[in-house]
Amino acid sequence: DAKTTQPNSMESNEEEPVHLPCNHSTISGTDYIHWYRQLPSQGPEYVIHGLTSNVNNRMASLAIAEDRKSSTLILHRATLRDAAVYYCILPVVGSQGNLIFGKGTKLSVKP
Amino acid sequence: EPEVTQTPSHQVTQMGQEVILRCVPISNHLYFYWYRQILGQKVEFLVSFYNNEISEKSEIFDDQFSVERPDGSNFTLKIRSTKLEDSAMYFCASSVEEQYFGPGTRLTVT
């Protein structure tokens, strides 16, 4: 199964953009890239996913490198509520999308 | 917005006792999952469930664990004889594509 690598932690200022990187150099051609986040004391929450093209939704944007070996989750204006652990996940190939969580990136947002 | 619900929010039990954790997935979802998170550690996949049977399970999901969808709405996780190391947050999730997680049940085994 393809593995992902993320920085352990990042800091941002409120109302500034945040770019959260993820490396997945062993990604296969059919692997979707999923991002979830976990706010303190809550269950994980879906953020966004994509295959090849950049994706936007109401929460965030996902920029996928042309060779698909890396991606970046973009929060356009960080709020205090965005402080969470962000997980970049490639669901298990051949499964029903079982999610294998790594340690993720802990994002701190300063007012 | 529809959401996954879980009960109870906190369960305290004695070692060796059976516990049942309950989940109500989102109504039109087809795939159901259980995950757990030991305090301070990663979220771990336990089991996935589709069409009234287990699709996949992890090494953690041994004979002490079982899942059931007893009716059209509930999805349960049973631990037959709890151990101290079963203490964790247990999250239920359901999906059509992306997974929606419940708020979790904190299980404390004493």
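Parameters at a glance
- Residues numbered from 1 in each chain as written.
- Chains lettered and ligands numbered in written order.
- Predicted model: local features only at pLDDT ≥ 70, side-chain atom pairs only at ≥ 80, totals over all residues.
- Heavy atoms only, no water.
- Buried < 20%, exposed > 50% of the residue type's maximum accessible area, 1.4 Å probe, protein only.
- Helix = DSSP H or I, 4+ residues; strand = E, 2+ residues; numbered from the N terminus.
- Pairing = 2+ DSSP bridges.
- Disulfide = S-S within 2.5 Å.

S.K.: So what exactly am I meant to see when it comes to the pairing of strand β8 (residues 84–89) of chain A here?
M.R.: Two faces, one strand: in a regular strand the side chains alternate between the faces of the sheet. All names here are of chain A. When you tally the buried positions in β8, you get six out of six residues, the bulk of the element. Here β8 shows two buried faces, one formed by Ala84, Tyr86 and Cys88 and the other by Val85, Tyr87 and Ile89. Strand direction decides the pairing type here: strand β3 (residues 33–38) and β8, joined by five bridges, are antiparallel. Its bridge partner being in β8, Trp35 is matched across the sheet by Cys88. Bridge count between β8 and strand β9 (residues 105–110): three bridges; the pairing is antiparallel. Looking across to β9, one finds that Tyr86 is bridged to Thr105.

S.K.: Just checking my understanding: could you explain the state of the cysteines for this structure?
M.R.: By the definition in use, this model includes two disulfides over all chains. Here Cys22 of chain A connects covalently by a disulfide to Cys88 of chain A, the sulfurs 2.1 Å from one another. Residues Cys22 of chain A and Cys88 of chain A are joined by a disulfide whose S-S torsion is about -80 degrees; by sign, that bridge is left-handed. Taken together, the positions of Cys22 of chain A in strand β2 (residues 18–23) and Cys88 of chain A in strand β8 put the pair 66 residues apart, joining distant regions of the chain. Taking relative accessible area as the criterion, Cys22 of chain A reaches 1% and is therefore assigned buried. With a relative accessible area of 3%, Cys88 of chain A lands in the buried category. The disulfide bridge from Cys23 of chain B ends at Cys92 of chain B, spanning 1.9 Å between sulfur atoms. Around the S-S axis, the bridge from Cys23 of chain B to Cys92 of chain B shows a dihedral of about -60 degrees and counts as left-handed. Here Cys23 of chain B, found in strand β3 (residues 19–24), pairs with Cys92 of chain B, found in strand β9 (residues 88–95); they are 69 residues apart in sequence, far enough to count as distant. In this pair, the class of Cys23 of chain B matches that of Cys92 of chain B, namely buried.

What is shown is where atoms sit, not what they do.
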